[in-house]
Every structure is written in structure tokens, then in C-alpha cells.
Amino acid sequence: MTLAQKGRWTTVVALVCLAAVYVRALAFTPVERLQGPAQKIYYLHVPAAIWTETAMILVGLASIFYLFLKDARLDRFAEASAEVGTVFATIVLTTGPIWGKPIWGTWWTWDARLTSTLLLFFLYVGYLLVRGAVRDPGLRARYAAVLGICGMCLVPFIHLSVFMFRTLHPQPIILKPSAPSLPGSMLATWLFSLAAFTLLYVGFVIQRYALSLGREAHGGGSPGHV
Amino acid sequence: MGELIAQAWTVARKDLILEFRTRTALVSAVAFTALVLTVFNFGRDPTAVSTIDLAPTILWVTFTFAATLALNRAFQLELENQALEGLLVSPLSRTSLYWGKLIANLVFVAVVEGVGLPLFVLFFDVPVGHVLVPLIGVIALATLGFVAVGTLFSALVMRTRFAELLLVVILLPFLVPPLIGAVQATARLLDGRPLSESVGYLKLLAAYDIVFVSLASFLFRFAVDE
Amino acid sequence: MSEVPQNASYMVAAYVITAVILVGYAVSLYRRTNKP
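Peer 1: Would you mind going over the overall build of chain B with me for this structure?
Peer 2: Tallying secondary structure elements over chain B gives nine helices and zero strands in all. Its helices and strands taken in sequence order, chain B reads α-α-α-α-α-α-α-α-α from the N to the C terminus. Against the globule reference of 17 Å for 226 residues, chain B gives a C-alpha radius of gyration of 18 Å, in line with a compact fold. Out of the 226 residues belonging to chain B, those deemed buried represent 49%.

Peer 1: I tried to follow the interface of chain A and chain C on my own but got confused; where do I start?
Peer 2: Often the size quoted for an interface is simply the accessible area lost on bringing the parts together. On the chain C side, the residues contacting the 40 residues of chain A number 24 residues. The contact between chain A and chain C buries some 2,700 Å² in all, and 76% of this surface belongs to carbon and sulfur atoms. Three residues, Arg33(A), Pro37(A) and Ile98(A), lead the burial of chain A against chain C; their summed loss comes to 18% of the area buried on that side. For the pair chain A and chain C, the interface holds one salt bridge. In this structure, the salt-bridge partner of Glu83(A) is Arg32(C), at a minimum N-O distance of 2.6 Å. There are eight residue pairs in polar contact (both at pLDDT 80 or more) connecting chain A and chain C. The element that contributes the greatest number of residues to the side of chain A that touches chain C is helix H3 (residues 72–104) of chain A, accounting for 11 residues. Across the side of chain A that touches chain C, the residue classes break down as 24 nonpolar, eight polar and eight charged.

Peer 1: How should I be thinking about helix H5 (residues 137–166) of chain A in this particular structure?
Peer 2: Each α-helix turn comprises 3.6 residues. Residues three or four places apart therefore point the same way. Here H5(A) spans 41 Å end to end across 30 residues, near enough to the 44 Å set by a 1.5 Å rise per residue. Within H5(A), the axis deviates most sharply at Leu154(A), by approximately 30°, and proline Pro156(A) lies no more than four positions further along.

Peer 1: Would you mind going over the packing of aromatic side chains with me for this structure?
Peer 2: Any two aromatic rings considered together are summarised by their centre-to-centre distance and by the angle between their planes. Here the structure, examined in full by the defined rule, presents 23 aromatic pairs over all chains. Through successive ring pairs, a cluster of aromatic residues spans Phe157(A), Phe153(B), Phe174(B), Tyr208(B) and Phe212(B).

Peer 1: Sorry if this is basic, but what is going on with the arrangement of the chains here?
Peer 2: For this structure, the chain pair with the highest number of contacts among two pairs of chains in contact is chains A and C. Spatially, chain B is disjoint from chain C: no contact exists, and the shortest C-alpha separation is 24 Å.

Peer 1: How do you make sense of the nonpolar core when you look at a structure like this?
Peer 2: General note: in soluble globular proteins, nonpolar side chains tend to be found buried as a group. Counting residues in hydrophobic clusters, the biggest one holds 145 residues, and the most contacted among them are Phe88(A), Phe197(A), Trp60(B), Phe153(B) and Phe174(B). A total of 15 residues in this core trace back to one element, the largest contributor, which is H5(A).

Peer 1: Is there a simple way to think about the environment of Tyr25(C) in this case?
Peer 2: Mapped onto the elements, Tyr25(C) comes out in helix H1 (residues 8–33). In this structure the side chain of Tyr25(C) is engaged in a polar contact, spanning 2.7 Å, whose partner is the side chain of Glu83(A).

Peer 1: Quick question: what am I supposed to make of the packing of helix H4 (residues 112–133) of chain A against helix H8 (residues 163–190) of chain B here?
Peer 2: Packed helix pairs are characterised by how far apart their axes lie and by the angle those axes make with each other. It is the contact of H4(A) with H8(B), at a shortest axis distance of 9 Å, that shows an interaxial angle of 150°. As judged from the angle between their axes, H4(A) and H8(B) are roughly antiparallel. In this structure, H4(A) meets H8(B) at a crossing whose hand is left-handed. Where H4(A) approaches H8(B), its residues Leu119(A), Phe122(A), Leu123(A), Gly126(A), Leu129(A), Val130(A) and Ala133(A) are matched on the opposing element by Leu166(B), Val169(B), Ile170(B), Pro173(B), Phe174(B) and Val176(B). Taken together, the residues of the contact of H4(A) with H8(B) sort by class into 12 nonpolar, one polar and no charged.

Peer 1: Would you take a moment to explain the side chain of Asp111(A) for this structure?
Peer 2: By secondary structure assignment, the location of Asp111(A) is in the loop between H3 and H4. Separated by 3.2 Å, the side chain of Asp111(A) and the backbone nitrogen of Leu114(A) make a polar contact.

So, how was this worked out
- Residues numbered from 1 in each chain as written.
- Chains lettered and ligands numbered in written order.
- Predicted model: local features only at pLDDT ≥ 70, side-chain atom pairs only at ≥ 80, totals over all residues.
- Heavy atoms only, no water.
- Helix = DSSP H or I, 4+ residues; strand = E, 2+ residues; numbered from the N terminus.
- Rg over C-alpha atoms; globule rule 2.2 N^0.38 Å.
- Buried < 20%, exposed > 50% of the residue type's maximum accessible area, 1.4 Å probe, protein only.
- Contact = heavy atoms within 4.5 Å.
- Buried area = accessible area lost by both parts, 1.4 Å probe.
- Salt bridge = Lys/Arg side-chain N within 4 Å of Asp/Glu carboxyl O.
- Polar contact = N/O pair within 3.5 Å; in protein donor to acceptor, adjacent residues only side chain to side chain.
- Nonpolar A, V, L, I, M, F, W, Y, C, P; charged D, E, K, R; others polar.
- Expected span 1.5 Å × (residues − 1).
- Bend = angle between axes of the 7 residues up to and from the residue.
- Phe/Tyr/Trp six-rings, centres within 6.5 Å; stacked < 30°, edge-to-face > 60°.
- Core = buried A, V, L, I, M, F, W, Y, C linked by side-chain atoms within 4.5 Å.
- Axes fitted to C-alpha atoms, helices over the stretch in contact; angles between N-to-C directions.
- Parallel < 35°, antiparallel > 145°, perpendicular 65-115°, else oblique.
- Left-handed = near helix turned anticlockwise from the far one by under 90°.

Encoded structure:
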């Protein structure tokens, strides 16, 4: 089975798992009394946010290793992780406001998670733009790696500064968003969703990686050995 | 170490001499700063919102623009005359090249800020005399952060099309954490609050500077080598 | 005891958009891989 096919199968399995999560979340998980059905958006929003950030950290790690090892596989992986991270960021940034409107009464709230994800989104866009703007594969990989490492190092500062900023602007306390300690069946749904998103990340990255590989084989030029 | 400083100073001096000979970039940046401050004045209703509330934001948006302008010219000179190749072939280390550029950029931005701050005080009638020293400290810390990352990134985008635009796009997420620290600290200072209240933000700024100056300095070689 | 808020339409919207984005991306990957 080619790499692309493996990726496709993984993605299909992941989408099936996601469908199962949908069914479980929508039909078999209790409705939260204070927030109502809209609270269920949480089951998609948070796993997506977790993977948006993890994908960025992985881009950073791959970038560090690329700069020292010059292994093209690392560069391909970074590119794939960045693109997939952008997709997940889009999910967070669309489900966030849809959740915010009924809960906080406003589409955008500058809450910690949304703000951090917005900044991550810009980081991803910048990274992909730089990749798009450099012709030479070796140079592209190197420049992208520099940006990737900086992006990864920025993440803790994003969290810190957003946290400090937020403690000045308390969220409208109409309803507290779901506490970390979810009751049993809600927690299970959340965990299944996280698993589905993890599988989606893996499937998408494999496919995107295979795509890069295919493009190089068709004359794109490789950024390093292997 | 002494070697590093000497080399960096050589690079910085060259840039600064060039800059102060023609002065066009400097004058444009200063004029631009004055214009931005003027526009801000027309964008608000002085009877509705007190200046003191908006002051930190106005100041920092202006300084951010100024810093970006400065960075855009950072590598233009080298590119125009293929001077960069000459610099790279010379025995100058990449790190000294970075520090030289950083120093030159910092001086440039400092001059612009040096004109901008009094203008700001004048246009918006904001008393800063009693907090001038800590304010300058905050300005210095934040500016160092912007310019450190920006100097690295300007090398990265140097050879791409739409370099100036790309620079701003990739730089923006990196400006947010120091901006949060700077605006909050400035707000507290202008408000007459004791310095102890801004300590968290000052630590944020300092940590950012330490991390990103070192990181940028180290990664610079990957951004300029062929 | 207050009523549970009636905001199911938001939930549906969010779930639909997420599905569209994910399936859309999967399709995009598939098509890009099959037409070099």
C-alpha cells in the first residue's frame, strides 16, 4: 500500500470515528443544564484546539531537527503538520464564536483559547506564505525551519501574555464554560472526540506528506537527503 | 567576545553612516510617526473618551508601525548592491552580522521613538515627566523584542517577492506578547501607579527579550547562508 | 428552576461546519494527490 493510500485509509477510519463521536455527543450525552445543547460544541472545539497547538509544537520540533540533520523527511513533516494545524485552527475559530454567541452573548470574546488560536492561525499562515514565497527547496526548508522554531518558542509567550491580559478583562460571568472536571459520560465523549481528532491529524499528515513526496518525484526538487 | 563586539560595531557603523548620510528613510519614518499620531487624534471624540485611557494604545501602535518601517529597510541596501554576498564572504561571523544589523536597527528606531514620544506628549497632552525613566525602560525593552525578531525575519524575506508585506505578516504574531506587556506597563505608569504593579509585565518583556534575542542571534546564520 | 436554554441551532451549526471543514479538507487532499 502506498503511503498516500495508508493516509487515506487512516483518514477514512478517523472520519468514521468522528461520525461515531457525533452520534454519541448529539444523541447519547446529557445536555448541560446551564448552557443547553450549545455546550456540546465543546466536544469538537477543545480537541481541535489541542491539536492546533500540538501541531505547531511538532512543526517547531521537526524544524529544529531539520536544521541540524538536513533530513528532507523532517521538512516534509513540518509542512504537513503546518497545513493540518491550519485546518484545525479554522475549526476552533469557527466553532468558538458559534459557541460564544449563545453563551456569552457575543460572537468574539478574546478569551484565552480563542485568542491563542487566532495568533497560532496567523503563525501558520505566515509559515505557509513563506514556504510559498521561496522557490529553491533547500532555501525554503531552511527558512521555514527558522520560522517554525520561532513559532514554537512563541507559544508559551502567547499563553503567558494572554493569561495576563485576560485577568484584567474578566469574562462576562453569565455562565462559566465547562469546568475541567466533566461528569463521567461527558468526559468519555470528550475523550472519544480527542481520539478521533488525533486519528484525523495522523491521517491528514500522512496524506499531506505523501503529497509533498509525490510533488518532489515529479520534479519539485528535494530539500535534503532522503 | 571582544571580536564579536568589534565586528558587530563595524557592521552597525556602516549601516548607520549610510543612513545618516541620506537621511531619507529616517525623515520618512519620523514624518510617518507624526502623521499616525495626527490621524489618531481625529479618530476619537475627546469629550467621550479620556486621552489617558487611549494613550498607551496610541503610543504603541505608533511605535509598532515605526519599528516595522525601520525593519523594512534593514536589508534593502544589501540587496540592491549585492553587498550581502560581500559581507558573507568577509571574515565577519554571522552572529556579528546579526548584532550589527540589530544595533543599527535599534538606533534607527530609537531616533524615531525619540521624536515620537515628545510629539505624543505634545499632541495628547499626556504628562510623562514623573515616570519618564521607567517609561523609557519599558519602551526600550519592548522595542528590543520587536527589533530582535524583526531583524531575523527581514533576512528571511529579503529575497522573496512582496518582501515588505511578507515581513509584516510573519512578524505580527510575534509582536503581540511584547505589545501586551508594553501597553499594560505603560498604562499603569501613566496612571501614576507604583512600578510594583507592572512587575509581571516587565518580567514578560524581559523574558521575551532574553529568549528571542538569543534565538534570533543563533538562527540568523540559517537565514543568510546560501 | 430555570429552563434549559434553547440553543440547539448553534450546536447543529457548529457540528455541520466542523464536518464540512474536515470532509472538505480530506477531499482536497485526495484530489491534490491524484492529479500531479
